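# Secondary and tertiary structure notes
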Amino acid sequence: MTQEHFLLAGDIGATKIDLAVISTRDGARQPRHEATYQVDQYPGPAALFREYLAAVEEPVSAACFGVAGPVIEDRVQMVNHEWLVDAAALAAEFGWRKVWLLNDLKAAAHAVPGLPDDELAVLNAGQPEAGGNIAVIAPGTGLGQGYLTWHGAGYVAHATEGGHSDFAPNGALQRDLLAYQAAGGKQVCVEDVCSGIGMPNIYRFLRDSGLAQEPDWLAEQLAAADDPTPLIFESALAVENPAEISKKALEIFVNILGSEAGNLALKTGATGGLYVGGGIPPRILAILKEGDFLKAFLSKEKYTDYMGRIPVKVILNPDSALLGAAEYAIEQLERL
């Protein structure tokens, strides 16, 4: 590609959106004008892009976005937010040559093969198979799941909606959690108990079931909070005066995440590795390293040795989905 092009790359989640301008001459790892916005502050993506681009001098000619939701006919109706992201409508409004939409986990997975060692934390070194499938699980606001397959010259990323599959509890406590969540006969998906959305559900289960006592100071803070999830994590991880109910909720969360990561690895045959992304894992890395996560990951009857050979790594780069979207767009531009 001899001519320089400028791309708008974005990672559109249910809570926040990260944007950057990418020059095809500089490459995806040298973004310009990086910015983060809160999704609920804008009526739709077009309004946000207009504000962002007003401060950007480069002539953007194409765009690629990783979006939290399934891509159907180049449109994404976000699962955990009301936004509709329409590739054709955005291209027409902004005069862009092309708009590519990817599921956010496909975007994040696309970046995985190129992540350097210093952007990864190893939970299990394993014995990776050359060209083996790679799985990616990412608890953030929701629970994303994706995977990569080898196609001779490189890896190809694939999206799934596995976070919305049924929650499979392990042990009596998790079975009680399932029953609590299933009140009224609704489906309980794994995202309901293994994500930013799910953490308050675990907390309320412990409180309402009398399995843990909620301290008054925390109850007051949660009642005043717009989003209880950060408070629950903070009170669980506090060095001084942690809340036992939050610590117990985090313990359950980590066990469910490890078990579901193992499920995904089995279903995708992830002999090339299992990568844990999303906004939550880097914040709880010390807890993930303590062993309960890996124990739950390995606990697959008759398959402990198989699971032990699978490398397990936490993605530390918070911009992996943005990076993956940018890399994908550059590759696609070269084919136009």
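Residues numbered from 1 in each chain as written. Predicted model: local features only at pLDDT ≥ 70, side-chain atom pairs only at ≥ 80, totals over all residues. Heavy atoms only, no water.

The next thing to look at is the packing of aromatic side chains. One pass over the structure, following the stated rule, counts 11 aromatic pairs. On the basis of an interplanar angle of 75° and a centroid distance of 5.0 Å, the ring pair of Trp-150 and Tyr-155 is categorised as edge-to-face. Taking the relative accessible area as the measure of exposure, Trp-150 reaches 41% and is therefore partly exposed. Ring centres of Phe-233 and Phe-253 lie 5.8 Å apart, and the angle between their planes is 90°; this geometry places the pair in the edge-to-face category. Here Phe-233, found in helix 7 (residues 228–237), pairs with Phe-253, found in helix 8 (residues 244–268); they are 20 residues apart in sequence, far enough to count as distant. Taken together, the aromatic side chains of Phe-49, Phe-65, Phe-94 and Trp-96 make up a single cluster linked through ring pairs. (Phe/Tyr/Trp six-rings, centres within 6.5 Å; stacked < 30°, edge-to-face > 60°. Buried < 20%, exposed > 50% of the residue type's maximum accessible area, 1.4 Å probe, protein only. Helix = DSSP H or I, 4+ residues; strand = E, 2+ residues; numbered from the N terminus.)

With that out of the way, let us pick up the nonpolar core. In this structure, Phe-253, Leu-274, Phe-293 and Phe-297 are the most contacted members of the largest nonpolar core, which totals 49 residues. Top element by residues in this core is helix 8. It accounts for 11 residues. If you look at the next biggest cluster of nonpolar residues, it comprises 33 residues, including Ala-62, Trp-100, Leu-102 and Tyr-275. (Core = buried A, V, L, I, M, F, W, Y, C linked by side-chain atoms within 4.5 Å.)

So, about the packing of helix 6 (residues 216–224) against helix 7. Following both chains from N to C, one finds helix 6 and helix 7 inclined at 155°, their axes separated by 9 Å at the closest point. As far as their axial angle goes, helix 7 and helix 6 are roughly antiparallel. For the crossing formed where helix 6 meets helix 7, the hand is right-handed. Seen from helix 6, the contacting residues are Trp-217, Leu-218, Gln-221 and Leu-222; seen from helix 7, they are Pro-228, Leu-231, Ile-232 and Ser-235. Looking at the contact of helix 6 with helix 7 residue by residue, the classes come out as 6 nonpolar, 2 polar and no charged. (Axes fitted to C-alpha atoms, helices over the stretch in contact; angles between N-to-C directions. Parallel < 35°, antiparallel > 145°, perpendicular 65-115°, else oblique. Left-handed = near helix turned anticlockwise from the far one by under 90°. Contact = heavy atoms within 4.5 Å. Nonpolar A, V, L, I, M, F, W, Y, C, P; charged D, E, K, R; others polar.)

Further remarks concern the pattern of salt bridges. Applying the stated criterion across every chain yields a total of 12 salt bridges. Arg-32 is the partner of Glu-58 in a salt bridge, and the nearest nitrogen-oxygen pair spans 3.0 Å. Of the two residues, Glu-58 is situated in the loop between helix 1 (45–54) and strand 4 (60–67) and Arg-32 in strand 3 (residues 32–38); the sequence distance between them amounts to 26 residues. Judged by relative accessible area, Glu-58 falls into the buried class, the value being 18%. Residue class for Arg-32 comes out partly exposed when judged on its relative accessible area of 25%. Taken together, the shared-partner salt bridges connect Glu-4, Arg-25, Asp-26, Arg-32 and Glu-58 into one network. (Salt bridge = Lys/Arg side-chain N within 4 Å of Asp/Glu carboxyl O.)

Before going further, it helps to examine the sheet that holds strand 12 (residues 273–276). Pairing is mixed across the open sheet formed by 6 strands, whose spatial order is 8-13-12-9-10-11. Two strands bound the open sheet, and with one partner strand each, they are strand 8 (120–124) and strand 11 (155–159). For this sheet the average axis-to-axis angle between neighbouring strands, irrespective of direction, equals 25°. In this structure, strand 8 lies alongside strand 13 (residues 312–315), joined through 4 bridges in antiparallel fashion. By the bridge assignment for strand 13, Val-122 is matched with Lys-313. (Pairing = 2+ DSSP bridges.)

Within the secondary structure, Pro-230 is located in helix 7. Its relative accessible area of 31% is what places Pro-230 among the partly exposed residues. Separated by 213 residues in the primary sequence, Pro-230 and Ile-17 have C-alpha atoms spaced 18 Å apart.

One non-glycine residue, Asp-74, adopts positive backbone phi at about 60°. Accessibility expressed as a relative area gives 44% for Asp-74, which makes it partly exposed. Despite not being glycine, Lys-302 shows a phi value in the positive range, around 75°. Along the polypeptide, Lys-302 turns up in the loop between helix 10 (292–298) and helix 11 (304–308).

Note on sheets: strands pair through backbone hydrogen bonds, and any given pair is parallel or antiparallel. Strand order across the open sheet formed by 5 strands is 3-2-1-4-7, with mixed pairing between neighbours. Each end of this open sheet is capped by a strand with a single partner; those strands are strand 3 and strand 7 (98–103). For this sheet, the mean inter-axis angle between neighbouring strands, taken without regard to orientation, is 15°. Of the strand pairs in this sheet, strand 2 (residues 16–23) and strand 3 are connected by 5 bridges, and their pairing is antiparallel. Bridge pairing links Val-21 to Arg-32 in strand 3.

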